[in-house]
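Understanding the architecture of this molecule
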Amino acid sequence: MSSVKEQNSHDGMFAHSAVTLVSGVLFGLGLIISGMVNPGKVIGFLDLAGDWDPSLIFVMGGGVTVTTSTFWLVLRRERPLFERKFFLPTKADLDGRLLMGAALFGIGWGIGGLCPGPAITALATLDPSVVLFVGAMLLGMVLQNLVAE
Amino acid sequence: MENFTPVSALIGGAFIGLSAVIMLAGNGRIAGISGILGGAISSRGDERRWRILFLAGLLIATLLYQFASSSPITIETQASPELLVIAGLLVGFGTRLGSGCTSGHGICGIARFSKRSFAATVTFMLFGFITVYVTRHLLELGV
């Protein structure tokens, strides 16, 4: 009996990892295909007064269309396929931390044209500017962690 | 609007959305990169393991694309090294303070009709537009 149980948990673990890896690869491919790994493309969108490139709206639009049309169905289930429960944010109200954090993020995004997903994805190109940005971004995360404690 | 690429943007966006749905349906997690990255730094054990696996997936995507596609991945650097460090610090600190970035708030939060994610998305977009206007048109800092 115990070996059957062990086998099941092993399969569950494998499926869990496979889902995670496939999801990561799809996410990265989406960022590459859409051109969002290129900071120039992102700045092209944020530069309303320049040679404006609205592509990012279509990336968000494509992504949000898929998630909005499916999340509600997924969340009607009692639990996900390979986990005991859904891990969803619990806070519901706006607060200063949220808005201040989003504002600081927006400023950094506007300076470098990079946000966390594209930065990590582009890291594999070993582009020196991306490596530098990611190093600083990790430091920023560690600093926030220290301040929060 | 000569750089506008609506078709590849839509297809890429759909990939990102599909990734988020697979993650939620399979493992019950929100595919928010800053949260996954922050958790990979601060957590231990299984909580750290799946996060590192997801981040590895992002890196593998680049290697797969480079292997399979004839067109190279274009990275046009937008700021000096000094400014990139400032940008990185702000993005790292800000996304953790604000509990999310373009993916967690933008792609996933909006699909959950989260008031916080709507507010965060509007805020970082607005500050992104303002920052680019200030750096590109008032200070002329672009490289």
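Just so it is clear, the structure is predicted and the values come from calculations on it, not from any experiment.

Analysis parameters
Residues numbered from 1 in each chain as written. Chains lettered and ligands numbered in written order. Predicted model: local features only at pLDDT ≥ 70, side-chain atom pairs only at ≥ 80, totals over all residues. Helix = DSSP H or I, 4+ residues; strand = E, 2+ residues; numbered from the N terminus. Rg over C-alpha atoms; globule rule 2.2 N^0.38 Å. Contact = placed C-beta atoms within 7 Å. Buried ≥ 20, exposed ≤ 12 C-beta atoms within 10 Å, placed from the backbone. Nonpolar A, V, L, I, M, F, W, Y, C, P; charged D, E, K, R; others polar. Axes fitted to C-alpha atoms, helices over the stretch in contact; angles between N-to-C directions. Parallel < 35°, antiparallel > 145°, perpendicular 65-115°, else oblique. Left-handed = near helix turned anticlockwise from the far one by under 90°.

This part takes up the overall build of chain A. Secondary structure summary: chain A contains six helices and zero strands in total. The linear arrangement of helices and strands in chain A, starting from the amino end, is α-α-α-α-α-α. The C-alpha atoms of chain A give 19 Å as radius of gyration, which overshoots the globular expectation for 149 residues (15 Å, by more than 25%). Projecting the C-alpha coordinates of chain A onto the three principal axes gives extents of approximately 65 × 40 × 35 Å. Here the contacts in chain A between residues at least 6 apart in sequence split such that 41% fall between residues at least 24 apart.

Glancing now at the overall build of chain B. When its secondary structure is counted, chain B shows six helices and zero strands. Walking chain B from its N terminus toward its C terminus, one meets helices and strands in the order α-α-α-α-α-α. Here chain B holds 143 residues, and the buried ones make up 57% of them. Taking contacts inside chain B between residues at least 6 apart in sequence as the whole, the part at least 24 apart equals 44%.

With that settled, the discussion passes to the interface of chain B and chain A. In many reports, interface size means the accessible area that the parts give up when they come together. Facing the 101 residues of chain B at the interface are 107 residues of chain A. Partitioned by chemical class, the residues of the side of chain B that touches chain A number 61 nonpolar, 32 polar and eight charged.

This paragraph deals with the packing of helix 3 (residues 55-74) of chain A against helix 1 (residues 6-27) of chain B. When two helices pack together, their arrangement is captured by the angle between the axes and the distance separating the axes. For the pair helix 3 of chain A and helix 1 of chain B, interaxial distance at closest approach is 7 Å and the crossing angle is 30°. Taken as axis vectors, helix 3 of chain A and helix 1 of chain B run roughly parallel relative to one another. For the pair helix 3 of chain A and helix 1 of chain B, the sense of crossing is right-handed.

Residue and element names in this part refer to chain B. Two numbers describe how helix 5 (residues 102-111) lies on helix 6 (residues 115-138): the axes approach to 8 Å, and their chain directions differ by 145°. Handedness of the crossing formed by helix 5 with helix 6: left-handed. Between helix 5, through His-105, Gly-106, Gly-109 and Ile-110, and helix 6, the contact on the second element is made entirely by Arg-116, Ser-117, Phe-118, Ala-120 and Thr-121. Considering only residue class, the contact of helix 5 with helix 6 consists of three nonpolar, five polar and one charged.

Apart from glycine, the bulk of residues carry a negative phi angle, and the bulk of peptide bonds sit in the trans form. Its identity is not glycine, yet Leu-126 of chain A carries a phi of approximately 60°, on the positive side. Relative to the elements of secondary structure, Leu-126 of chain A occurs in the loop between helix 5 (116-123) and helix 6 (128-148). For Phe-113 of chain B, which is not a glycine, the phi torsion comes out positive at approximately 55°. Tracing the backbone shows Phe-113 of chain B in the loop between helix 5 and helix 6.

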